[in-house]
Amino acid sequence: DAGITQSPRHKVTETGTPVTLRCHQTENHRYMYWYRQDPGHGLRLIHYSYGVKDTDKGEVSDGYSVSRSKTEDFLLTLESATSSQTSVYFCAISEVYGELFFGEGSRLTVL
Amino acid sequence: DQQVKQNSPSLSVQEGRISILNCDYTNSMFDYFLWYKKYPAEGPTFLISISSIKDKNEDGRFTVFLNKSAKHLSLHIVPSQPGDSAVYFCAASAQSSSSNTGKLIFGQGTTLQVKP
């Protein structure tokens, strides 16, 4: 299994509070991604990174920001959580021209 | 604007029979396609892939077919087993694009149930 750790695995928070999800990899892969999974929508790309300090937006980036200060860590931040951001969030890593390897997911509930 | 579509939310088959999961795409720049399997409370795991230069790729019980003219791919599982019960996602990427960053675009998923 690819070495990907997501934290926290479960979080319940209130509307308007900031939330940060962390993805840590031990594979030294260049590319890292954050997806969210929702019923009827499958997996949708939020943001991705193609190197340290190099990030770009995905399909559903509004309300989210990311940072990557080290190769191994990719942080996803919800500056002010809303109920529509209740979801399961998956981090993934890859080298280009290959498949993505996913973490186990972080379930976020915004009340 | 869903670039990758799985129009069947669910599929139920009998153990030992064939399971066929379908996927359609709209972006003609896509040239690499993958299938992922996901069990509850776990992350998706890679199953099989196919490049656009091929029309078939086989790995054990799993075969992926690609019809470029129809922008359609399918996953065949033969014979189906109860352990295959999971959500299956198809995904696509444009690897030959100069802006390729490896990102995948996923379909909505199909829940497969294989009955004993």
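All figures in this text were calculated on a predicted structure; none of them were measured in a lab.

Engineer: Can you walk me through the overall build of chain B in this structure?
Structural biologist: Along its length, chain B carries zero helices and eleven strands. Ordering the α and β elements of chain B from the N terminus gives β-β-β-β-β-β-β-β-β-β-β. The C-alpha radius of gyration of chain B comes to 14 Å, within 12% of the 13 Å expected for a compact globule of 116 residues. Seen through its C-alpha atoms, chain B measures out along the principal axes to roughly 45 × 30 × 20 Å. Here chain B holds 116 residues, and the buried ones make up 47% of them. Summarising the internal contacts of chain B: among those between residues at least 6 apart in sequence, 57% fall at separations of at least 24.

Engineer: Would you mind going over the sheet that holds strand β7 (residues 62-67) of chain B with me for this structure?
Structural biologist: Residue and element names in this part refer to chain B. Read across the sheet, five strands follow the order β1-β3-β8-β7-β6 without closing on themselves; strand pairing throughout is antiparallel. With one partner strand each, in any of the chains shown, β1 (4-5) and β6 (56-59) form the two edges of the open sheet. Relative to strand β8 (residues 72-77), strand β3 (residues 19-25) runs antiparallel, the two being bridged by six bridges. Within β8, the position partnered with Ile20 by the bridge is His76.

Engineer: How should I be thinking about unusual backbone geometry in this particular structure?
Structural biologist: Among all residues except glycine, the phi angle is most often negative; among peptide bonds, the trans geometry is most common. Omega for the peptide link from Ser7(A) to Pro8(A) comes to -10 degrees, which places this bond in the cis form. In this structure, Pro8(A) sits in the loop between β1 (4-7) and β2 (10-13). A cis geometry characterises the amide bond from Val78(B) onward to Pro79(B), with omega recorded as -10 degrees. Looking at the element boundaries, Pro79(B) is found in the loop between β8 and β9 (86-93). A positive phi angle, close to 70 degrees, is found at Lys53(A), a residue other than glycine.

Engineer: Got a minute to help me understand the interface of chain B and chain A in this structure?
Structural biologist: Much of the literature gives interface size as the accessible area that the parts lose upon coming together. Tallying the contact residues gives 20 residues for chain B and 22 residues for chain A. Buried area between chain B and chain A, both sides added, is near 1,700 Å², and the carbon and sulfur share of it is 60%. Here chain B and chain A share zero salt bridges between them. For the side of chain B that touches chain A, the secondary structure elements donating two or more residues are β4 (32-38) and β10 (105-106) of chain B. When residues in the side of chain B that touches chain A are grouped by element, the largest group, three residues, is from β4(B). Class assignment of the residues belonging to the side of chain B that touches chain A gives a composition of nine nonpolar, eight polar and three charged.

Engineer: Please explain the state of the cysteines as it appears in this structure.
Structural biologist: Simply put, the disulfide is a covalent bond whose two ends are the sulfur atoms of two cysteines. This structure, assessed with the given rule, holds two disulfides over all chains. For Cys23(A), the disulfide goes to Cys91(A), at an S-S distance of 1.9 Å. Across the disulfide from Cys23(A) to Cys91(A), rotation about the S-S bond amounts to roughly -70 degrees, and the bridge is consequently left-handed. Placement of Cys23(A) in strand β3 (residues 19-25) and of Cys91(A) in strand β9 (residues 87-94) is noted, with a sequence separation of 68 residues between them. The disulfide that involves Cys23(B) links it to Cys90(B), with 1.9 Å between the sulfurs.

Engineer: Hey, could you run me through the sheet that holds strand β8 (residues 73-78) of chain A in this one?
Structural biologist: Adjacent strands of a sheet form backbone hydrogen bonds with each other and so pair up, either parallel or antiparallel. Residue and element names in this part refer to chain A. Strand order in the open sheet formed by four strands is β1-β3-β8-β7, with antiparallel pairing between adjacent strands. This sheet does not close on itself; its edge strands, each paired only once, are β1 and β7 (65-70). Looking at each pair of strands side by side, their axes are set apart by 20 degrees on average, direction ignored. Here β7 pairs with β8 via four bridges, running antiparallel. Note that in β8 the partner of Ser67 across the bridge is Leu75.

Engineer: Even after reading the chapter, I still don't get the side chain of Arg44(A), so can you show me in this structure?
Structural biologist: Residue and element names in this part refer to chain A. Within the fold, Arg44 resides in strand β5 (residues 42-51). Only 3.0 Å separates the side chain of Arg44 from the side chain of Asp38, close enough to count as a polar contact. Once residues lying within four places of it in the same chain are set aside, the contact partners of Arg44 are Trp34, Tyr35, Arg36, Asp38, Glu59 and Val60.

Cut-offs used in this document
- Within any chain, residue numbers begin from 1 and follow the written order of that chain's sequence.
- Written order decides the labels, with chains lettered from A and ligands numbered from 1.
- Given that the model is predicted, a residue must reach a pLDDT of at least 70 before its local features are reported, and side-chain atom pairs must reach 80 or more before they are shown or counted; all residues, however, enter totals for whole chains, interfaces and linings.
- As a rule here, side-chain values come from all non-hydrogen atoms in the structure, and water together with hydrogens is ignored.
- The helix and strand labels rest on DSSP assignments: H or I over at least four residues marks a helix, E over at least two residues marks a strand, and numbering proceeds from the N terminus.
- As a reference, a globule follows 2.2 Å times the number of residues to the power 0.38, and the radius of gyration itself is taken over C-alpha atoms.
- Accessibility here uses a 1.4 Å probe with only protein chains present; expressed as a share of the type maximum, an area under 20% marks a residue as buried, one over 50% as exposed, and anything in between as partly exposed.
- Every residue pair with non-hydrogen atoms within 4.5 Å of one another is taken to be in contact.
- Two strands pair if DSSP finds at least two bridges between them.
- Accessible-area loss on putting two parts together, using a 1.4 Å probe and summing over both, is the definition of buried area adopted here.
- What counts as a salt bridge is simple: a side-chain nitrogen of Lys or Arg found within 4 Å of a carboxyl oxygen of Asp or Glu.
- When residues are grouped by polarity, Ala, Val, Leu, Ile, Met, Phe, Trp, Tyr, Cys and Pro land in nonpolar, Asp, Glu, Lys and Arg in charged, and all others, Gly among them, in polar.
- Any pair of cysteine sulfurs within 2.5 Å is marked as a disulfide.
- In this analysis, axes come from line fits to C-alpha atoms, helices being fitted only over the stretch in contact, and the angle between any two N-to-C directions falls in the range 0 to 180 degrees.
- N or O atoms closer than or at 3.5 Å make up a polar contact, with two conditions inside protein: a donor-capable atom paired with an acceptor-capable one, and, for residues adjacent in sequence, both atoms drawn from side chains.

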